[in-house]
Amino acid sequence: MPTVSVVRDELFRELGKTYTDEEFEDLCFEFGIELDDVTTEKEMVRKELGLADDQMDEDEEIIYKIDIPANRYDLLCVEGISRALRIFLEKQATPTFVNDVAEGNEVQTMYVKPETALIRPHVVCATLRGVTFTKESYKSFIDLQDKLHQNLCRQRTLVAIGTHDLDTLKGPFRYEALPPEKIVFTPLKQTREFNAKDLMEFYKTDLKLKQYLHIIEDSPVYPVIYDSNDVVLSLPPIINGAHSAITLDTKDVFIECTATDHTKACITLNTVVTMFSQYCAQPFTIEPVKVIDQFEKERVYPDLGLKEFEVNQRAVCKAIGVDIEAEKIVSLLQKMQLFVEHKGEGNLLVRVPPTRSDILHACDIYEDVAIAWGYNNIVKELPTCMTVGKEFPLNQLSDLLRSELAMVGFTEILTWALCSVQENFVNVKREHLMETAVTIGNPKTLDFEVCRTSLLPCALKTLAANKDAPVPVKLFEVSDVILVSDEHESGAKNERRLLVLYSGKESGFEVVHGVLNRIMQVLGVPAELDNNNSSSNGEKGTGSDDAYSWRESQDKTFFPNRQATVLHKNKEIGIFGVVHPEVLKAFDIVYPCSALELNIEPFCYDQHGNSLL
Amino acid sequence: LYLLQQCQENTMELTPENILGYINENNEVSNSRDLCTKMNWDHEKLFGICMSLVSKEMIVDKMHSDQIRSLTAEGRKVLENGSPEFLVYQGVGTEGTSKADLEKSLGKGVVNIGFSYCMKNKWIRFDKGTGLVTRSADNVHDTVSEELQNLENLDNSKLNLYKKRKMVEMVKQTHFSLTKGPKFALEVKTYEATLTADMIASGSWKELDFKPLNLSKGVKGLPPNGGHLHTLLKCRTMMKEIFLEMGFQEMPTNNYVESSFWNFDALFQPQQHPARDAHDTFFLSDPATAKDLPADYLKRVKEMHENGGSGSIGWRYNWSEDEARKNLLRTHTTAVSARMLYQLAQEKEFTPKKYFSIDKVFRNETLDPTHLAEFNQIEGLVADYNLTLGNLMGVIREFFSKLGLTNIKFKPAYNPYTEPSMEIFSYHEGHGKWLEIGNSGVFRPEMLTPMNLPEGVRVIAWGLSLERPTMIKYKYSNIRDLVGHKVDIDGVQKNTICRRGLGN
């Protein structure tokens with residue numbers, strides 16, 4: 001969520017009213033923005049430097065940091081926030097934005113060369129005439145471009161904005177794409193000429209600009225905008241030319257937005273001109289620019305046309321769950337900057353101004369009615385539909401087994417599904433199984449390289465982190481591991497496992513073996529008969545298909561001759577044994593351990609044995 | 001005869017019976033220490049025996065404490081070796097000596113003190129010219145050491161003097177007095193500690209006396225050695241029960257790996273949306289892409305993103321199937337909700353549904369005390385014809401009131417796949433402010449239409465994390481103390497049952 005800093009007193013001046021912090025917070029809450037922080041410029045600096053907060057000067061200007069919904073680009077500057085709130089408070093009507101060319105002015109033209117299609121195909125432009133900047137509005141103008149670049153323009157990948165002092169330039173303009181060596185100009189804030197290739201090299205150490213270089217760096221041609229005297233306006237999306245830089249005294253501002261996404265270019269341009277045309281000689285009047293594309297097709301920007309939606313009063317009420325008259329809806333929507341015409345019989349024609357690019361569908365208009373009505377004035381009613389509750393069978397089985405494991409004296413742990421290759425494979429001597437793991441492409445730390453393929457490493461990690469726990473330590477977890485699987489749509493699947501870990505002065509092999517037997521006993525799965533003898537504890541074994549058994553195994557994770565795999569319906573579904581001392585050493589565990597890890601999915605069936613997976 | 005009697009008494013052994021006999025004759029023991037002196041008994045031992053008689057209610061004890069005069073370590077030294085002044089006097093000898101020689105034989109500490117008292121007592125003299133120390137009294141008496149032997153009879157001024165010289169101090173000494181108890185007898189009966197199977201079989205329990213229990217505060221029973229369920233999962237069970245009570249059906253969420261298609265595109269989240277950035281989402285290098293996506297549905301999703309339809313103007317960009325096939329670790333369980341709703345739309349006849357899930361989701365976030373790269377998302381949704389925003393608020397109110405949060409309000413918010421969208425706030429008495437506790441909204445028509453859900457069907461949904469309410473309930477400030485390998489096992493074992501509500 002973007003945050004916009006506004007000077008409190010400036011905002012209150014615009015709103016024509018002074019609020020307490022609480023009152024303003026309530027207004028924000030109602031409107032759907034959030035007063036995130038009340039601070040001062042100096043305090044922000046102090047915070048950045050990690051200094052104490054206590055020496056606050058009395059005369060510090062209070063700054064409100066306001067969180068803005070991510071789709072409301074019109075609220076990214078103080079002009080937009082105060083205008084939207086004034087309209088919401090019915091202190092101002094929504095302005096009508098006009099494309100117009102004042103007498104004596106010439107419409108500017110931008111010619112687009114076909115090569116731009118190779119790197120950044122779109123450009124849209126507009127001119128603001130007779131602008132009067134103050135120090136504050138100039139700063140806000142620059143900040144808005146920054147905010148747009150960060151959010152809607154996706155760090156300039158989709159759109160880049162260039163603003164120029166038109167008096168220093170002479171149209172018509174050309175948008176071209178040329179080999180970098182051929183583009184030579186003096187960039188903003190520099191005093192000498194560079195060719196674009198050298199410039200990219202030069203900016204590799206620039207903290208702010210280096211993050212944008214990748215957008216065009218590897219392209220054989222770079223986008224560039226020239227005026228009719230071959231003056232470089234900008235090398236989008238990296239830097240503007242020094243020649244046409246705007247200043248506090250600039251009167252006529254030429255705006256160009258180059259883009260890979262035409263829709264977003266138009267929204268960006270519209271946002272800039274609808275916000276800052278309020279400072280023009282003719283407020284809210286924008287001088288259009290002709291863009292002649294590579295096919296010589298002419299289009300005029302900005303497109304300030306109103307989007308039209310037809311909504312019906314009954315549909316609005318039915319969606320929200322309120323009973324509001326059509327005329328009331330008209331006035332509510334006006335508070336949200338929309339133009340509405342009641343066509344009779346509850347049919348409303350809603351015209352959406354270019355500031356409200358977030359409105360895509362009638363449902364967005366329903367929301368505006370609900371906000372203007374007040375969310376908390378809506379009557380809350382339970383849905384009337386009759387449905388029946390039901391658990392997911394695998395989760396139900398897991399919960400039943402979790403209770404059983406707690407009953408036999410084990411303590412539940414809950415570990416992460418993400419881990420390092422070292423823990424998941426190397427520490428447990430399973431390097432040969434690396435291909436079975438789902439691998440993260442963009443981990444931020446080594447801790448999250450793969451999804452776990454076994455619950456054992458996580459449990460050993462937990463044990464190692466609890467060295468103070470009195471022995472024997474008895475832990476369990478019932479959770480998912482994630483395995484690569486060709487049979488699944490995504491190429492991976494979860495598998496529900498049960499893990500039991502015993503750690504004491506002696507290895508406790510019999511303990512985990514006993515837990516296996518107990519789990520099977522409560523699952524109602526009989527032990528397979530060995531040579532038709534009943535097992536040593538007098539329990540009757542069986543030879544049926546449903547039985548489980550165990551046999552010696554050679555798993556590197558476990559100690560030789562102290563381990564066995566668990567078999568059910570001729571499939572290996574688990575393993576138990578004494579954990580290998582080298583594994584313990586890798587996890588820095590001093591006491592011997594035994595573990596059981598079991599896939600419980602084969603036992604997710606109903607009372608008749610039908611699978612519920 | 002008197003002497004003989006005393007002699008007999010002094011040889012009386014310290015036994016429970018003898019103590020009881022003494023009390024029987026004298027009716028009481030007024031001061032245990034006096035008795036010990038008289039009988040030559042060890043006070044500690046007497047105390048032990050009496051306490052066991054007290055526990056059997058044969059006698060009643062009363063504790064007293066006195067301030068008594070006692071020798072300090074310094075005082076005991078004097079008693080043993082003589083006072084410093086006496087030692088110095090002796091050390092000077094008849095021939096006299098130098099101060100340095102004195103210090104050599106007696107130590108500096110003794111000489112410093114002893115010398116000045118000797119001078120004061122005029123026992124010695126010191127020739128400044130020659131440095132020679134000689135006796136000036138022929139014969140002296142070590143009164144200090146004599147007086148210390150007889151502490152009890154010292155007058156107060158003397159006492160204060162020795163206190164100042166740190167030879168005597170006042171210490172607290174306890175003694176006790178004894179009187180007959182309700183079960184007084186001359187013989188000590190044996191008491192049984194516990195009821196045994198043998199006693200029941202033989203009926204001997206009827207004759208036996210049982211030792212009274214120690215039920216004083218702070219004395220606890222043996223801790224049971226059963227197992228324990230994890231704190232977070234106890235809360236999961238509570239949440240699950242609330243959903244089941246409200247008629248919700250649990251969704252199968254056991255697929256952490258999801259395609260971008262189901263995680264984002266199906267939810268009408270545009271492909272350039274910041275959430276789809278590698279900074280926020282774990283993308284997979286293996287398996288990097290999903291294989292099978294429902295072709296027809298995919299086409300309709302593409303159309304909706306690019307050109308809109310059904311009243312929507314769409315996002316108006318070029319939608320890429322390759323982007324949609326990119327695999328990731330799901331960032332929300334809403335990916336599963338999308339699958340469930342798509343399946344529901346494929347049914348012959350629409351029936352209203354209430355779905356819920358509580359399961360893991362993943363965010364490529366920087367870790368801090370309240371954020372992990374994985375957490376559990378709680379999600380509830382209702383699908384039916386003609387659901388309203390008021391219905392969503394109603395179902396949310398019901399859900400949270402079952403959690404004990406009755407004071408809630410809604411704030412307009414933005415969510416890419418719901419419209420209207422609302423953040424849910426609850427007033428927290430402890431923090432004294434409104435806290436955000438969840439997010440909610442009505443699924444956008446652009447999400448539902450491509451699934452082919454019948455027109456007029458609306459889906460309302462809300463979500464929250466499981467960790468946040470659990471941390472509030474069990475007062476955790478660092479999430480890593482609650483989940484992950486650094487969890488404190490002892491904490492898991494000691495946490496309370498999970499009652500409804502966030503108070504605990």
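Check the entry above for the structure.
Residues numbered from 1 in each chain as written. Chains lettered and ligands numbered in written order. Predicted model: local features only at pLDDT ≥ 70, side-chain atom pairs only at ≥ 80, totals over all residues. Heavy atoms only, no water.

Asks: Report on the pairing of strand 16 (residues 298–301) of chain A, specifying residues and quantitative values.
Replies: Put simply, side chains in a regular strand alternate between the two faces of the sheet. Residue and element names in this part refer to chain A. Bridging between strand 15 (residues 285–292) and strand 16 involves four bridges; their strand directions are antiparallel. Within the sheet, the bridge partner assigned to isoleucine 292 lies in strand 16 and is glutamate 298. Connecting strand 15 to the antiparallel partner strand 16 that follows it, the hairpin turn spans five residues, and glutamate 296 within it adopts a positive phi of roughly 65°. (Pairing = 2+ DSSP bridges. Helix = DSSP H or I, 4+ residues; strand = E, 2+ residues; numbered from the N terminus.)

Asks: For the nonpolar core, give the residues involved together with the corresponding values.
Replies: Grouped together as the largest cluster of nonpolar side chains are 161 residues, with contacts concentrated most on A:Phe24, B:Phe399, B:Phe400 and B:Trp462. Leave out the neighbours within four places in its chain, and A:Phe24 touches A:Leu11, A:Phe12, A:Leu15, A:Tyr19, A:Leu35, A:Tyr64, A:Ile66 and A:Leu85. Among the nonpolar cores identified, the runner-up in size contains 37 residues, and B:Phe443, B:Met451, B:Val457 and B:Ala461 belong to it. (Core = buried A, V, L, I, M, F, W, Y, C linked by side-chain atoms within 4.5 Å. Buried < 20%, exposed > 50% of the residue type's maximum accessible area, 1.4 Å probe, protein only. Contact = heavy atoms within 4.5 Å.)

Asks: Explain the sheet that holds strand 17 (residues 307–312) of chain A to me, and be specific about the residues and the numbers.
Replies: Two orientations exist for strands paired in a sheet by backbone hydrogen bonds: parallel and antiparallel. All names here are of chain A. With antiparallel pairing, the three strands of this open sheet are ordered in space as 17-19-18. In this open sheet, the two edge strands, each paired with only one partner strand, are strand 17 and strand 18 (339–342). The average angle at which neighbouring strand axes cross in this sheet is 25°, direction not considered. Here six bridges tie strand 17 to strand 19 (residues 347–352), and the two strands are oriented antiparallel to one another. Directly across from asparagine 312, in strand 19, lies its bridge partner asparagine 347. In the packing of helix 10 (residues 362–373) onto the sheet, contacts are made with strand 17 and strand 19, and the angle to strand 17 comes to roughly 70°. (Axes fitted to C-alpha atoms, helices over the stretch in contact; angles between N-to-C directions.)

Asks: Break down a nonpolar patch on the surface for me, citing the residues and quoting the values.
Replies: All names here are of chain B. On the surface, Leu195, Ile200, Trp205 and Phe210 cluster together into a nonpolar patch covering about 400 Å² of accessible area. Position of phenylalanine 210 among the secondary structure elements: in strand 8 (residues 209–210). Under the relative-accessibility criterion, phenylalanine 210 is labelled partly exposed at 32%. (Patch = residues over 30% accessible without salt bridge, like charges linked within 9 Å, V, L, I, M, F, W, Y side chains within 5 Å. Areas by Shrake-Rupley, 256 points an atom, 1.4 Å probe, with all protein chains shown as cover. Salt bridge = Lys/Arg side-chain N within 4 Å of Asp/Glu carboxyl O.)

Asks: Let's hear about the packing of aromatic side chains: which residues, and what values?
Replies: The description of an aromatic ring pair rests on the distance of the ring centres and on the angle between the ring planes. Summed over the entire model, instances satisfying the criterion amount to 39 aromatic pairs over all chains. On the basis of an interplanar angle of 55° and a centroid distance of 6.1 Å, the ring pair of A:Trp416 and A:Phe448 is categorised as tilted. Here A:Trp416 is found in the loop between strand 20 (411–412) and strand 21 (418–419), whereas its partner A:Phe448 is found in the loop between strand 22 (439–440) and strand 23 (450–451), with 32 residues between them in sequence. For A:Trp416, a relative accessible area of 11% gives the class buried. Through pairs of rings, three or more aromatic residues link up here, namely B:Phe243, B:Phe248, B:Phe356, B:Phe399, B:Phe400 and B:Trp462. One residue, A:Arg156, lies across the ring of A:Tyr212, its end atom 3.9 Å from the ring centre. For the cation-ring pair, B:Lys99 lies above B:Phe115, with the distance from its terminal atom to the ring centre recorded as 4.4 Å. (Phe/Tyr/Trp six-rings, centres within 6.5 Å; stacked < 30°, edge-to-face > 60°. Lys NZ or Arg CZ within 6 Å of the ring centre and 35° of its normal.)

Keep in mind these values describe shape, not function.
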